[in-house]
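# Breakdown of the fold
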Amino acid sequence: MKMRRHCRLWWPKQLLSNQESSSSVVLGWFVTCSPSSLDIIVAFTCNEILLSSSSPNLEEIIHDTHGSMPVILQDKSAFSVLGLCTSDTTSKSLMAETNDKTFNCSNDWAEGSTSLYREKKCGSCCRLQIDGSLRKSGQYFIGKSNWVLLMFDSPEKNDAGIHRIPKLHHIHWNGQPVSNYDVHVIIYETPSYGAHHFSLCHSGSNQQADTSVKNPRWVDELHKNPQVIELDTVILAINCTDAAKRILEKHVVPRRSCSQLSIFPMFVVITGHLFSKFMASFSTLFYIVLQFFQTHLNYKSESWMFVTSANVFRTAWINIQIRCCQILYWPIFLQENDLRSRSCVEYAEKAAMHRHSMWSTLVVDILLGNLVGWPLLYQAESICLSLLNFIHGFASFLRTGCVWLMGNPAGFKLNAELAGALGMVSLNAIQIWSTLWAFAGFIFNYIIQGLAILGIFCGFTAPAALIIDMIVLTTLHISTLHWLISLVYSLQIQALAALWRLFRGRKWNPLRQRLDSFDYTVKQHIVGSLLFTPLLLLLPTTSVFYIFFSIVDTTINLICVLFEVTISVIHATPYIKIFLRLVRPGRFPSGIWFEISGCQSNNTVSPKAVFADKMTSSKEPLHLKDFDREKSGVLVSVLHSNYLSIGKVILPHYKNVFWGVYGSSISKVAYGILIGQRMPSIRGTLLPSLMPWMSLPYKEYWRLCHESLIACFR
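If you're wondering where the values come from, they're calculated on a predicted model, not measured in any experiment.

A word on the UniProt feature "transmembrane region" (unreviewed entry) in the protein chain. In the numbering used here, UniProt assigns the "transmembrane region" (unreviewed entry) feature to residues 263–290, 358–378, 385–406, 418–444, 451–475, 481–503, 524–549 and 555–580. The span residues 263–290 is 100% helical and 0% strand by assignment, and the distance between its end C-alpha atoms comes to 41 Å.

Following this line, the structure appears as C-alpha cells:
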C-alpha cells in the first residue's frame, strides 16, 4: 500500500476574487518537513504574458527575490515558480481532453525540459502553452523537481462563503506524479506593513517555564517525534510575501511618471519636504545650544563647585543627560539601517517600533511637562506660599515630636538624661535648619518658576528629578539625625547580642560564619554583666527616638522613590505601541488558529469524477473516517491570529522598573530597620542607561535630521 501524502496549500485571500480567464504563473515557496508532508506557500500569481515580456528575464527576477529574503528562509526553502493555476473554463477543457487518457508524466518534463511535446508526457501540462524558462525557473534553486497545477472552482459563492477555492489538479513531487494525497487549503490574508502580520508567539513566550514537577516519560518522548510541519518557516514565508511581490512589481510593472501623479500625493510630498526642513532646522538649533553647554561644562568640570553640584543634584543631572542624548539621537534612531526588515513584515514592524520609541517618549514627556509647567508658572506665588506654610508646619511637627519623646511617650518610662540629651540635639538641629530655610524663603518663588520653565522645555522628568534632589537637600537635617541615632541604636544592638552570646558560652566565628562554643573567664562574665544591664535599660530610650526618625526618614525616602518610579515609568512606557495597539491590533499578533470552513473530496484528481463538488458546511460535524480513502480529501480553513492585550504589550517594559523597586527597596528596607541600618538609596538605578555624547558638524546634523524625516514620509 502506498504511503498517503499530505499537502498543505497556503493561498492568499485576495487571489480568491481573481476573475482572470487566462492561466497564471504561481510563485512562492515549497517547504518539505518529511517525505509525506509538503507545504506550498503561494505568494502571488502573475500573468504569463507579462512575465515573458519582462526585462530582466524571469530567472534574474527569481534570483533577485530569493537573495532579498531573510537568511533563515533562504536556508529552509527557495523562492521559485511553483506551477500554474488555470481558470474554470480552461480546467474544464483540460479535464474533458484527459478524461479517457492515462495520467502519466515522465521525469524528463519534471527536470525542466524545454520541449512541449515528448513521448509519455503529462497531457494536461503539455496542453498549456508554457514557456520552457518558466518550468526551468521553478527548479533553478531547489534541486528537486516540484510542480503543481491548480484550478479554480466556480466563481459562485459556495457554502463556506468563499469565492473560487483553488484545487490541485495534480502535483509532481520530487519528479514523480502523485495522485494519492490529502489536501489542506489554508486561506490567509497577505501580511502588509502597518496592517497585520502573523507570529507564533509574542517575545519572551517561547521560554519554557521552570516547573518543579518532572514530566512523565511519554511527554519527553513526544517532543522527540519528528515535526509534521515546518510552521516557523511557513509563517516566515507568509510574512515575506508582500516583499516578494514588491520586488516583482519593481521589475515587471512600469513606474508612473511624475506627470501621472494626482494633485493630492504631490501636495503630501511637498508638505512633507517643508515639514522636514522646518524640523531639521529647529533640531539643529537645539543641537547648537546643547553643544555650547556641553563645551562650557567640560571646561568647568574640574572645579570643586561643579563636582559638588553634580553630587548634590545627581538625579537631576542624570535625567538631563538622558534627555539631551535623546534629543541628539532621535534622527539616528529614525534611520532604517536594518536591511533585513525590508524583506519580512514581522522584522519591519519590530524595527519600526524600535525607531519610533525614542521620539514618542520625548514628545509625551514634553507634553506632560507643558501640562504641568504652565499652571505651575502662572500659580507660582500661591504655590510658594503653600510650600512655606507646609515647611513651617513640618518643622513644628518635628519639634512637637522631639518634646513628646523627651517625656513619657505612650506611657513608657524612659531614661530622662539620655532622652534629654537626644532631644536637645534634635531640637537644635531642627531649629538651625528651619532658620536657614526661613532666610532662603524669598528664593522659593524663583525656584518654582525655574522648575516650570524646565518642564516646558525639557519635559516632565527633568523637574521631577530636580524635585527629588531638592527634597533630599531640604531634609538633610532629618537624614543626619536619623543616621546619628541609627548608629547609636545599631551599636547598642550589636553589643547586647555579643553580651548575650557571652552568657551562653558562644562566640561568632567570622571565618566559618557560624557560632562556636567558647570558654569565657570569670572576669569576662563580670564585665559583661556590668555592661549588659545599663545597655538593656537604655535600649527603650534609644529605640523610641530611632523609630520616630526612621518613620520620618522612610516616609521622605518613599516620596523620593515615588518620583523615581514615575520618572522610570515615563521613560519605559511604550507609547507608540499602546497607540498602535488601540488603532491596529493586527500589528501585535500572538499565536495563530485555524477556522475550518468546509471539507470535500478533491475530485479533480479522478478524471471520471464530476469537476464541481458542493462543499460541506462548517456547521456539520467533520469525521476523517467518513472520507473515501480512494479519493483525495480536501480540507478548507482560514488562518487567523490572536492578538496581544495592552497589558501584555506594556508588562515587559515595566518588569525591570517594578522589579528594581521590589528587589532594591522593600526587602532591604525591612531588614535594615530591624538591625538599625539606613534605607539604601536607589536614586538613578531605575533610569535608562546613558548614551555617549554625539558631536557632528552642524550641516551634517541638519542633513541627518532631514533625511530621517523624509524616509519616514516615504
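On we go from here.
Right, let's get into the packing of aromatic side chains. What the rule picks out here adds up to 17 aromatic pairs. Ring geometry for Tyr287 and Tyr698: centres 6.0 Å apart, planes at 85 degrees, overall edge-to-face. Pair noted here: Tyr287 is in helix H11 (residues 263–300) and Tyr698 is in helix H23 (residues 698–713), with a separation of 411 residues, a long-range link. Tyr698 gets classed as partly exposed once you look at its relative accessible area, which sits at 44%. A centroid spacing of 5.6 Å and a plane angle of 45 degrees characterise the contact between Trp437 and Phe444, whose relative ring orientation is tilted.

Time to look at the pairing of strand S2 (residues 24–34). Counting buried positions along S2 gives nine out of eleven residues, so the element sits mostly inside the fold. Inspection of the sheet shows S2 paired to strand S3 (residues 37–47) by ten bridges, in the antiparallel sense. The residue of S3 that forms the bridge with Leu27 is Phe44. Remark: two residues form the turn of the hairpin made by S2 and S3, two consecutive strands paired antiparallel.

As a further point, take the pattern of salt bridges. For the coordinates displayed, the defined rule picks out eight salt bridges. Residues Asp39 and Arg8 are paired through a salt bridge, measuring 2.7 Å at the closest nitrogen-oxygen approach. With Asp39 in strand S3 and Arg8 in strand S1 (residues 5–12), the pair connects residues that are 31 residues apart, well separated along the chain. A salt bridge links Arg323 to Asp365, with the shortest nitrogen-to-oxygen separation between them at 1.9 Å. Residue Arg323 is located in helix H13 (residues 314–334), and its partner Asp365 is located in helix H14 (residues 345–378); the two are separated by 42 residues in the primary sequence. Take Arg323 and Asp365: they sit in the same class, and that class is buried. When salt bridges that share partners are traced, they join Glu700, Arg703 and Glu707 into one network.

This brings us to the packing of H13 against H14. The interhelical angle for the contact between H13 and H14, taken along N-to-C directions, is 145 degrees, at an axis separation of 9 Å. In the packing of H13 onto H14, the handedness of the crossing is left-handed. Counted together, Arg323, Gln326, Ile327, Tyr329, Trp330, Phe333 and Leu334 of H13 and His354, Arg355, His356, Met358, Trp359, Leu362 and Asp365 of H14 form the full contact between these two elements. Along the lines of polarity and charge, the residues of the contact of H13 with H14 split into eight nonpolar, three polar and three charged.

In terms of residue burial, helix H9 (residues 231–239) counts as a mostly covered element, since seven of its nine residues are buried. The complete set of buried residues in H9 reads Thr233, Val234, Ile235, Leu236, Ala237, Ile238 and Asn239.

This brings us to a nonpolar patch on the surface. Among the surface-exposed residues, Val425, Trp483, Leu484, Leu487 and Leu491 lie close enough to one another that they form a single nonpolar patch of about 450 Å² accessible area. With respect to the secondary-structure elements, Val425 resides in helix H16 (residues 416–439).

Bringing helix H15 (residues 380–406) into the picture now. In a regular helix each residue adds 1.5 Å, so 27 residues correspond to 39 Å; H15 covers 39 Å between its end C-alpha atoms and thus fits that length. Buried within H15 are the following residues: Ala380, Cys384, Ala395, Leu398, Gly401, Cys402 and Leu405. Buried positions along H15 lie against H14, H16, helix H17 (444–458), helix H19 (476–504) and helix H20 (522–572).

Before going further, it helps to examine the packing of H14 against H17. Relative placement of two packed helices is described by the angle separating their axes and the distance separating the axes. Relative to each other, H14 and H17 sit at 155 degrees, their axes nearing to 7 Å. It follows from the interaxial angle that H14 and H17 lie roughly antiparallel. The way H14 lies across H17 gives a crossing that is left-handed. In this structure, H14 contributes Asp365, Ile366, Gly369, Asn370, Gly373, Trp374, Leu376 and Leu377 to the contact, and H17 contributes Ile448, Gln449, Leu451, Ala452, Ile453, Gly455, Ile456, Phe457 and Cys458. Each residue belonging to the contact of H14 with H17 can be placed in one class, and the counts come to eleven nonpolar, five polar and one charged.

The rules behind these values
Residues numbered from 1 in each chain as written. Predicted model: local features only at pLDDT ≥ 70, side-chain atom pairs only at ≥ 80, totals over all residues. Heavy atoms only, no water. UniProt positions renumbered as here; feature names shortened; annotations may be inferred. Helix = DSSP H or I, 4+ residues; strand = E, 2+ residues; numbered from the N terminus. Phe/Tyr/Trp six-rings, centres within 6.5 Å; stacked < 30°, edge-to-face > 60°. Buried < 20%, exposed > 50% of the residue type's maximum accessible area, 1.4 Å probe, protein only. Pairing = 2+ DSSP bridges. Salt bridge = Lys/Arg side-chain N within 4 Å of Asp/Glu carboxyl O. Axes fitted to C-alpha atoms, helices over the stretch in contact; angles between N-to-C directions. Left-handed = near helix turned anticlockwise from the far one by under 90°. Contact = heavy atoms within 4.5 Å. Nonpolar A, V, L, I, M, F, W, Y, C, P; charged D, E, K, R; others polar. Patch = residues over 30% accessible without salt bridge, like charges linked within 9 Å, V, L, I, M, F, W, Y side chains within 5 Å. Areas by Shrake-Rupley, 256 points an atom, 1.4 Å probe, with all protein chains shown as cover. Expected span 1.5 Å × (residues − 1). Parallel < 35°, antiparallel > 145°, perpendicular 65-115°, else oblique.

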